[in-house]
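Commentary on secondary and tertiary structure
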Protein chains: 2
Amino acid sequence: MSANQASVKQDQVNEYLINLGQQAKAASFILATLSAKQKNHLLQTISQSLAEHAEVILAANAKDVIAAKANGLTDAMIDRLMLDEGRLAGIIGDIDNVIALADPIGKEAASQLLDNGLRLTQRSVPLGVVGVIYEARPNVTVDIAVLALKTGNAVILRGGKETIESNKVLSEVIRGALTSLNLPEGAVQLIDSPERAIVSGLLRLDKYVDMIIPRGGHTLQRLCAEQSSIPVILGGIGICHLLVDKSADLSRAIDVIANAKVQRPTVCNALDTLLVDQAIASDFVPKIAAHLHSLGVRFYACDQAQGYLEGLGFDVSAADDESFSTEWLSLTLGIKVVDNIDGAISHIRQYSSGHSEAILTDDIHAASYFMNQVDSAAVYVNASTRFTDGSQFGLGAEVAVSTQKLHARGPMALDALTTYKWLAWGDYTSRK
Amino acid sequence: MSANQASVKQDQVNEYLINLGQQAKAASFILATLSAKQKNHLLQTISQSLAEHAEVILAANAKDVIAAKANGLTDAMIDRLMLDEGRLAGIIGDIDNVIALADPIGKEAASQLLDNGLRLTQRSVPLGVVGVIYEARPNVTVDIAVLALKTGNAVILRGGKETIESNKVLSEVIRGALTSLNLPEGAVQLIDSPERAIVSGLLRLDKYVDMIIPRGGHTLQRLCAEQSSIPVILGGIGICHLLVDKSADLSRAIDVIANAKVQRPTVCNALDTLLVDQAIASDFVPKIAAHLHSLGVRFYACDQAQGYLEGLGFDVSAADDESFSTEWLSLTLGIKVVDNIDGAISHIRQYSSGHSEAILTDDIHAASYFMNQVDSAAVYVNASTRFTDGSQFGLGAEVAVSTQKLHARGPMALDALTTYKWLAWGDYTSRK
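Residues numbered from 1 in each chain as written. Chains lettered and ligands numbered in written order. Predicted model: local features only at pLDDT ≥ 70, side-chain atom pairs only at ≥ 80, totals over all residues. Heavy atoms only, no water.

The next subject is the interface of chain A and chain B. Contact with chain A, which involves 80 residues of that partner, is made by 80 residues of chain B. Taken over both partners, the interface formed by chain A and chain B buries close to 6800 Å², and the fraction arising from carbon and sulfur atoms is 52%. Across the chain A-chain B interface, the total number found is eight salt bridges. Contributing elements (two or more residues each) for the side of chain A that touches chain B: α1 (3-31), β2 (119-126), α9 (218-227), α10 (250-262), α15 (364-373), β13 (378-383), β15 (410-412) and β16 (418-429) of chain A. Sort the elements by how many residues they give to the side of chain A that touches chain B and β16(A) lands first, with 11 residues. (Contact = heavy atoms within 4.5 Å. Buried area = accessible area lost by both parts, 1.4 Å probe. Salt bridge = Lys/Arg side-chain N within 4 Å of Asp/Glu carboxyl O. Helix = DSSP H or I, 4+ residues; strand = E, 2+ residues; numbered from the N terminus.)

In this approach the atoms are scanned with a rolling probe the size of a water molecule, which exposes any empty space left behind. Counted under the stated rule, the structure contains four cavities of 30 Å³ or more. Quantified by volume, the largest cavity comes out at close to 240 Å³. What lines the largest cavity is a set of 20 residues, and nearest its centre among them are Ile230(A), Pro231(A), Val232(A), Pro231(B) and Val232(B). Elements represented by at least two residues in the lining of the largest cavity include exactly α9 of chain A together with α9 (218-227) of chain B. For the lining of the largest cavity, the class distribution of residues is 14 nonpolar, six polar and no charged. (1 Å grid on protein atoms, 1.4 Å probe; cavity = no way out; pocket = protein on both sides within 12 Å on 5 of 7 lines; lining within 4 Å. Points joined across faces, edges and corners; volume = space filled by probe spheres on them. Nonpolar A, V, L, I, M, F, W, Y, C, P; charged D, E, K, R; others polar.)

On to the environment of Phe387(A). The residue Phe387(A) is located in the loop between β13 and β14 (400-402) in this model. With a relative accessible area of 1%, Phe387(A) lands in the buried category. Taking the C-alpha atoms as reference points, Phe387(A) and Ser356(A), 31 residues apart in sequence, are found 9.0 Å from one another. Each residue touching Phe387(A), except ones within four places of it in the same chain, is listed here: Tyr380(A), Gln392(A), Phe393(A), Asn116(B), Leu118(B), Thr429(B), Ser430(B) and Arg431(B). (Buried < 20%, exposed > 50% of the residue type's maximum accessible area, 1.4 Å probe, protein only.)

On to the pairing of strand β7 (residues 240-244) of chain B. Residue and element names in this part refer to chain B. The buried count for β7 comes to five of five residues, which makes it a mostly enclosed element. Where burial is concerned, the two faces of β7 agree: the one with Cys240, Leu242 and Val244 and the one with His241 and Leu243 are both buried. Bridge count between β7 and strand β8 (residues 271-277): five bridges; the pairing is parallel. Within β8, the position partnered with Leu242 by the bridge is Leu274. Two elements, β7 and strand β12 (residues 356-360), share four bridges in a ladder whose sense is parallel. Looking at the pairing, Val244 lines up with Leu360 of β12. (Pairing = 2+ DSSP bridges.)

Spatially, the 10 strands line up as an open sheet ordered β10(A)-β9(A)-β11(A)-β8(A)-β7(A)-β12(A)-β13(A)-β16(B)-β2(B)-β1(B), and their pairing is mixed. Whereas interior strands pair on both sides, the edge strands pair on one side only; in this sheet they are β10 (317-318) of chain A together with β1 (112-113) of chain B. One ladder, built from eight bridges, connects strand β2 (residues 119-126) of chain B with strand β16 (residues 418-429) of chain B; its direction is antiparallel. For Thr121(B), the partnering residue across the bridge sits in β16(B) and is Leu423(B). Against the sheet, helix α11 (residues 278-294) of chain A makes contact with β7 (240-244), β8 (271-277), β9 (298-301) and β11 (332-338) of chain A, and its axis sits at roughly 145° relative to β8(A), the strand it touches most. The strands touched by α15(A) within the sheet are β7, β12 (356-360) and β13 of chain A together with β2 and β16 of chain B, with β16(B) carrying the most contacts at an inclination of about 150°. (Axes fitted to C-alpha atoms, helices over the stretch in contact; angles between N-to-C directions.)

This paragraph deals with the confidence of the model for chain A. It should be kept in mind that the predicted coordinates are not to be read in detail where pLDDT is low. Looking at chain A as a whole, its pLDDT mean stands at 96, while 99% of the residues score no less than 70. Interface confidence for the predicted complex, expressed as ipTM, amounts to 0.95; the pTM equals 0.95. (pLDDT = per-residue confidence, 0-100.)

The next point concerns the packing of aromatic side chains. Throughout the structure, instances matching the rule amount to 12 aromatic pairs over all chains. Considering the side-chain rings of Tyr420(A) and Trp422(A), the 6.1 Å spacing of their centres and the 85° angle between planes classify their relative orientation as edge-to-face. Under the relative-accessibility criterion, Tyr420(A) is labelled partly exposed at 21%. By relative accessible area, which is 7% here, Trp422(A) ends up buried. A ring pair is formed by Phe324(B) and Tyr351(B), whose centres lie 5.7 Å apart and whose planes are at 50°; its orientation type is tilted. You can see Phe324(B) sitting in helix α13 (residues 321-324) and its partner Tyr351(B) sitting in helix α14 (residues 341-351), a full 27 residues away along the chain. (Phe/Tyr/Trp six-rings, centres within 6.5 Å; stacked < 30°, edge-to-face > 60°.)

Structure below.
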């Protein structure tokens, strides 16, 4: 491709995106004025329409599955993108759950009469237009569109290219529901081109898009952090730690650690590094490792822990900076012996992604100290790290899990899709 | 400079910034554990120390003033950076106001017992490290450092190079106060090099810095939006509109408009574009323009408004896309005649920076419609746009005025320097 062709292509991408952004922004002004009842009626209509279009949705998904097999995707990836009647019913059922949630939009904080004579309040309003870049999971297409519409936001969706056929049909069904209610179909827009330049362009569309949520791995998160001129909610990367304090009930600790590591190792709140107080390490490290080994876990251990694991009859890799910086997403676990609780906190501050950390202890002072000193989105005492999600936290929905500190931290629910505006009433009032 | 020299220099800049970031981050962990009483004692110590060092502070400032004159800065700029005994006393007095504010850190939301057995709460905590890039105003150095410390945050300051001597002394006095209380001086750090590469480097220091606040004009805001990999709070740019509705009390409207435009034209909440309903325009436009002209205001008017202003004896420029997109910061005003309230809302959606907009009207339906449809940080009915600031809104402090929608919108006070973490207590609890 010549430089000239590239620039023509870039112009086309820009034109496409500006059109997308303008339609989304225009739609967002209309969505912002809908009542809770109107929005719930819209979600109900979407739910019904998805059920009515089950056949065409599953047929489109079958095309994605065939392409995925032809392209040699792993069984796990294919399983994640595959829909059947049961899964589709689950997706539709989740819409009912969202309908049942309270609408956070339109609430006003208690107003106050200011000394300058104005009456001032804050009203919660939609963000406007939300851009979401996500993995090859068609359920996310429906999930995010529904959460955005529930909060009066327009949404621009860019799902994994491996689910393009499913996403096209799903978004068309949702847009059809909007149209049937005389609402703008621009409220839900799917980027259906796999062109990577479109992602870069989307990240610069700050005139029209108010927030970007990247749901995906480290590369996507960094791309968004570095290239986006739109505020980004980073998240979903969990390098999670659990400290076994010297005062922990070791017999009860074993099940919690196994739960954190093994129950669902492919998710962000699964345990990555086990920290063990050296006072109990020589006894506990072999015990927990033997148990986890029997459950299929592999290990990267520090020198001291490696010493404790010799002769147990399985290989242990040497932990280093790189392994301690890895989110495993698999049955792999780092083990490190620490001098004391401060050693654990230092390790966490250096290597944690700020997602979830836990301490197991029977010492109330250690528990309190750990909670105060560890600065992550979720900090646990005597619990598995696996609880960090919107459903477990009782939020009723989850847009993403934020690991940054602005706007929303940890599991993000409907509130995270809102902002507020200040409203002030005067009587032809001037500032003194 | 050769490429090789440039890369050596970049290495030095990076090393300098990483050291700065590490010190700030380490300090932030200590600040985060201070009680309100300890933080107020720190602020008291800073206040006293600034008073004790008045002579050396004013001497340093005098150097900045001499350099500013030599460099041909305008009188207005010199006035902004100049300190005298009275102004320094004012800066010190403001610290007492901040001491009197409630500490937002450490509050926990009502906890709940989850179905999974965990007890869950949200605790408000400092952001960590805040980077602030600001104009040549030495009062901001003290102001921002004090607000950051009050909320347990470390801060990296990068003030205008024209105030470098003042800022060096002010930051050293503050660091001395920290040291005298055995607190880490790394909590307040001044970037004292005018090197532009340092700003670009600071914007990439996401490993250590949690938030960037640019306080400055359009160029700085865009630089931060485009280059920063750290979350940025954009703000302080106000292209503000006021609509004179057809039902407005026109005799009372004149004073409010004059207040919005003339009272302090150099600030972000001053009026930039006056929108006038065409039903009253032929009568009102000449009247308001004559009054504002007598106060020194110049005009950029749309065709229709220009017609109404012919023969008044002063020149009127033709408004266009560019003039309507300009934040004047001076005694200049755009005037546009609009067909109706929807025409005004369309114009605002196209040209507003999302800061402050007002309607003057005696029609309750128009007032309500305007408040619902206009999506800016502050929306006024029958009041001047000049009220948008932390002090007027009763917040007791102002870090910045945000024009974006994430985290904080409009005047940002102490709360905007906080985040929260989720704390969960179990009893060796695993996820089902």
